[in-house]
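Okay, here's what each chain looks like letter by letter:
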Amino acid sequence: FWSYRRTAIEEGQKEPVKEYVLVRKGDTSAVDKLALLLAEQGVEVRRAGAAFKAGGKEYPAGSYAVSMAQPSKRLIRTLFDTNVPMEDFFVKEQERRRKKKLPDEIYDVTACSLPLQFNVEAVGLSEPAQGSFTPVKAGEALPGKVTGKASLAYLAPWGTQAAARLLTAGLREDLVVYSSDKPFTQNGRTYPPGTLIIKTKENPPTLPATLDRLARDTGAEIVATDSGWMEDGVNFGSRYVVTMRKPAIALAWDRPVSSQTAGFARFVLERQYNYPVSAIRAQSLGTADLSKFQVIILPDSGFGEGYAAALGPNGPRRLKEWVAAGGTLIGIGGGALSFMADPRNALLSVQQENLAKPVEAAKEAAPKRPETPAAPGVAPGGAPGATPATPAETRVPGKILAKEEDFLKAIQPDTELPDAVAGVLVKARTDPDHWITAGAPETVYAVVNGRAVFTPIKLDKGVNAAYFVGPGELLAGGYLWEENRKQLAYKPLMVIERQGRGFVVGFTADPNYRAYMDGLNLLFLNAVFRGPAHARTGGRE
């Protein structure tokens, strides 16, 4: 054990990357969380007390340096590397099995990179950074702060986990909180979409003390303002400013729900953001009083015939009526979305795709049965209860299979789902013009597994709030079947559709996967909390 850690130091001194810098920008609380997580695992991490330069770039104060010349070097590589390739012989065997429709032998996900999962920039340096650094101690969380004392309002810039924790804490304490869908500039600082606005006159006199405490507890940054005048952008009275409601959340539970997907969502909301959730049996959604909830979450389904069987014939209709009255319905994963997208349920205007096949293969699909006139009273090809079809009516034109390649083509199914993916990290782009992506970065990363691929939603139905990038830049880490890589490109990760006074939101991949996809927290929380804020008001989308 001692030798293993000693040689790790030697490797770290010799390899091309001598140090990683975790750049403290964007979701700074995610950067801080990752640095503290490393420190808790015994990794040596240093925090910059001032801005510094390294490798020709400048990094902001508060950024973290992680040297590779340390005993935990191999652990750092395991957690940071974007791709750990599998052995060539193993990959070849999996491709062979796949061609024969045999299940692959890949165990679990093929990509696990914490900087990608947290959506944090990790820059590898060829030489260690120089500057004013202090060691990070395990459990040494950075407290938030309130700057100034306001006579008008307090502002909390959106886009960080800390700001989201402040929102949930404020709602639990019954504070009146507003949020802007558009950016605005005041005193030379630009506040991003989603920024929280907490007005003094609409909250108790104890507001300053409450916010001081919440800032310390959540790590949020809060700025006081005495003016509603903006140098640019919307003001506090704009139609683009909405009231953040205190939603009651129902989470479908028990069969046919995937216990993992349900557990991930509940853990993120209750344990990471301290907001209560009501677990309700999926079968009860067809009969329970739904009016007490503003948000209903349908996790992926993993058992039996899925939601259609569990909810019964009246379930989809009751959900539609609830959404139309102002509810926010959130579906997670292929099982939930296939139920919502079923035309018989009409809860979401997307469709699940079969495997996309090359044009040549499509032309060579099984020929149609010849149109043979049926005998009087007998349907062509036979019909239930009718006289069986004659042998001539069931035959197809003959075809020569000249080589084994022809045979392999002939045995392929006419239609099938894409092959199941064990789990890869892929890149998606967000739409900055919709309120549901407020505060989100331009690009995010998601774990894609399984075989569900959905069509983009049409512009007259809704918005593709986040969609996967092109095939050339899609794969961020892991091993992805070539057909899936091509078909997944430009397909949606997150869609939103207004129905009546409410909204339906669909995630084609789980934003809460294993509760370690911190980089997707904001999109999920926007759906949960900003959805109800825009529902029933007739507000702009």
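Small disclaimer: the values here were computed from a predicted structure and weren't measured.

The rules behind these values
- Every residue gets a number counted from 1 within its own chain, in the order that chain's sequence is written.
- Local features in this predicted model are restricted to residues of pLDDT 70 or higher, and side-chain atom pairs are both shown and tallied only at a pLDDT of 80 or more, whereas totals for entire chains, interfaces and linings draw on every residue.
- To get the side-chain values, take all heavy atoms of the structure and skip hydrogens and water.
- Stacked, edge-to-face and tilted labels apply to pairs of Phe, Tyr and Trp rings (six-membered ring for Trp) whose centres lie within 6.5 Å, assigned for plane angles under 30 degrees, over 60, and everything in between, in that order.
- Each helix corresponds to a stretch of at least 4 residues labelled H or I by DSSP, and each strand to a stretch of at least 2 residues labelled E; elements are numbered beginning at the N terminus.
- Partly exposed describes any residue whose relative accessible area lies between the buried limit of under 20% and the exposed limit of over 50%, with all areas from a 1.4 Å probe on protein chains only and scaled to the type maximum.
- Any two strands with at least two DSSP-identified bridges between them are counted as paired.
- Axis lines are fitted through C-alpha atoms, for helices just across the contact stretch, and the angle between N-to-C directions can take any value from 0 to 180 degrees.
- Throughout this description, any angle smaller than 35 degrees is read as roughly parallel, any larger than 145 degrees as roughly antiparallel, any in the 65 to 115 degree range as roughly perpendicular, and the remainder as oblique.
- A contact between two residues is defined here by any heavy atoms of the two lying within 4.5 Å.
- Side-chain classes follow a simple rule in which Ala, Val, Leu, Ile, Met, Phe, Trp, Tyr, Cys and Pro form the nonpolar group, Asp, Glu, Lys and Arg form the charged group, and the remainder, Gly included, forms the polar group.
- The rule is simple: put a 1 Å grid over the protein atoms alone, call a set of points where a 1.4 Å probe fits but cannot get out a cavity, call an open set with protein on both sides within 12 Å along at least five of seven lines a pocket, and count a residue as lining if it has an atom within 4 Å of a point.
- Grid points are joined across faces, edges and corners, and a volume is the space filled by probe spheres set on the points.
- Crossings are sorted by hand: turned counterclockwise from the far helix by less than a right angle, the near helix makes the crossing left-handed, and turned clockwise it makes it right-handed.
- Polar contact criterion, stated in full: a pair of N or O atoms within 3.5 Å, where within protein one must be able to donate a hydrogen and the other to accept it, and residues adjacent in sequence count only if both atoms are side-chain atoms.
- The directions considered for the arc are those from the helix axis to the C-beta atoms.

So what's going on with the packing of aromatic side chains? Residues and values would help.
Taken as a whole and assessed by the stated rule, the structure comprises 12 aromatic pairs. Measuring from ring centre to ring centre gives 5.8 Å for Phe-264 and Tyr-513, while their planes differ by 70 degrees; the resulting arrangement is edge-to-face. In this pair, Phe-264 is assigned in helix α8 (residues 259–272) and Tyr-513 in the loop between β26 (502–507) and α16 (521–534), connecting sequence segments 249 residues apart. Phe-264 gets classed as buried once you look at its relative accessible area, which sits at 14%.

For unusual backbone geometry, give the residues involved together with the corresponding values.
Of the consecutive residues Arg-255 and Pro-256, the connecting peptide bond is found in the cis state with omega at 10 degrees. Along the chain, Pro-256 falls in the loop between β17 (249–253) and α8. For Lys-101, which is not glycine, the phi torsion reads 65 degrees and is therefore positive. Topologically, Lys-101 is positioned in the loop between α4 (88–99) and α5 (114–117). Classification of Lys-101 by relative accessible area gives partly exposed; the value is 39%. Residues other than glycine seldom take positive phi values, yet Asn-274 does so here, at roughly 55 degrees. Within the secondary structure, Asn-274 sits in the loop between α8 and β18 (278–281). What makes Asn-274 partly exposed here is its relative accessible area of 47%.

Go over the sheet that holds strand β11 (residues 184–186), please, and point to the residues and values.
A sheet is described by the order of its strands in space; here 3 strands give the open sequence β12-β11-β15, paired in antiparallel fashion. Two strands in the sheet have a free side with no partner beyond their single neighbour: β12 (189–191) and β15 (232–233). Here β11 runs beside β12; their pairing, made up of 3 bridges, is antiparallel. Within β12, the position partnered with Phe-184 by the bridge is Tyr-191.

Could you give me a rundown of the packing of α8 against α16, with the residues and numbers involved?
Two elements in contact, α8 and α16, have axes whose closest approach is 12 Å; the angle formed by their N-to-C orientations is 85 degrees. Judged by the angle between their axes, α8 and α16 are roughly perpendicular. Across from Ala-265, Val-268, Leu-269 and Gln-272 in α8, the residues of α16 making contact are Asn-521, Phe-524, Leu-525, Val-528 and Phe-529. Its residues placed into classes, the contact of α8 with α16 shows 7 nonpolar, 2 polar and no charged.

Could you give an account of empty space enclosed by the protein, with specific residues and numbers?
All told, the structure shown has 3 cavities of 30 Å³ or more when counted by the stated rule. In this structure, the largest cavity occupies an estimated 60 Å³ of space. Only β22 (443–450) and α15 (482–488) provide two or more residues apiece to the lining of the largest cavity. Partitioning the lining of the largest cavity into residue classes produces 6 nonpolar, 2 polar and 1 charged.

Any chance you could break down the packing of helix α6 (residues 161–172) against α16 for me, citing the residues and the numbers?
Following both chains from N to C, one finds α6 and α16 inclined at 25 degrees, their axes separated by 10 Å at the closest point. Taken together, α6 and α16 sit at an angle that is classed as roughly parallel. The handedness of the crossing between α6 and α16 is left-handed. On α16, the residues touching Gln-161, Ala-164, Leu-167, Thr-168 and Leu-171 of α6 are Asn-521, Leu-525 and Phe-529.

Tell me what's going on with the environment of Thr-110, and back it up with residues and numbers.
Positionally, Thr-110 belongs in the loop between α4 and α5. Judged by its relative accessible area of 12%, Thr-110 is buried. The sequence separation of Thr-110 and Gly-477 amounts to 367 residues, and the corresponding C-alpha distance is 7.5 Å. Contacts of Thr-110, omitting those with residues within four sequence positions, involve Met-86, Ala-422, Gly-423, Val-424, Gly-478 and Tyr-479. Polar contacts involving the side chain of Thr-110 include one to the main-chain amide nitrogen of Tyr-479, which spans 2.9 Å.

How would you summarise the pairing of strand β6 (residues 122–125) if you had to cite specific residues and measurements?
Where burial is concerned, the two faces of β6 differ: the one with Val-123 and Leu-125 is buried and the one with Ala-122 and Gly-124 is not. Sheet analysis places strand β1 (residues 19–22) next to β6, joined by 4 bridges and oriented antiparallel. By the bridge assignment for β6, Glu-19 is matched with Leu-125.

Can you explain helix α10 (residues 315–324)? Please cite residues and give values.
Since one α-helical turn is 3.6 residues long, residues separated by three or four positions face the same way. Looking at α10, one finds that the buried residues are Gly-315, Pro-316, Leu-319, Trp-322 and Val-323. Mapping the buried residues of α10 onto a view down its axis gives an arc of 125 degrees, with all of them on the same face. The inward-facing, buried residues of α10 contact β19 (295–298), α9 (307–311), β20 (328–332), α11 (333–341), β25 (492–499) and β26. Positive backbone phi, approximately 125 degrees, marks Gly-326, located one or two places after α10.

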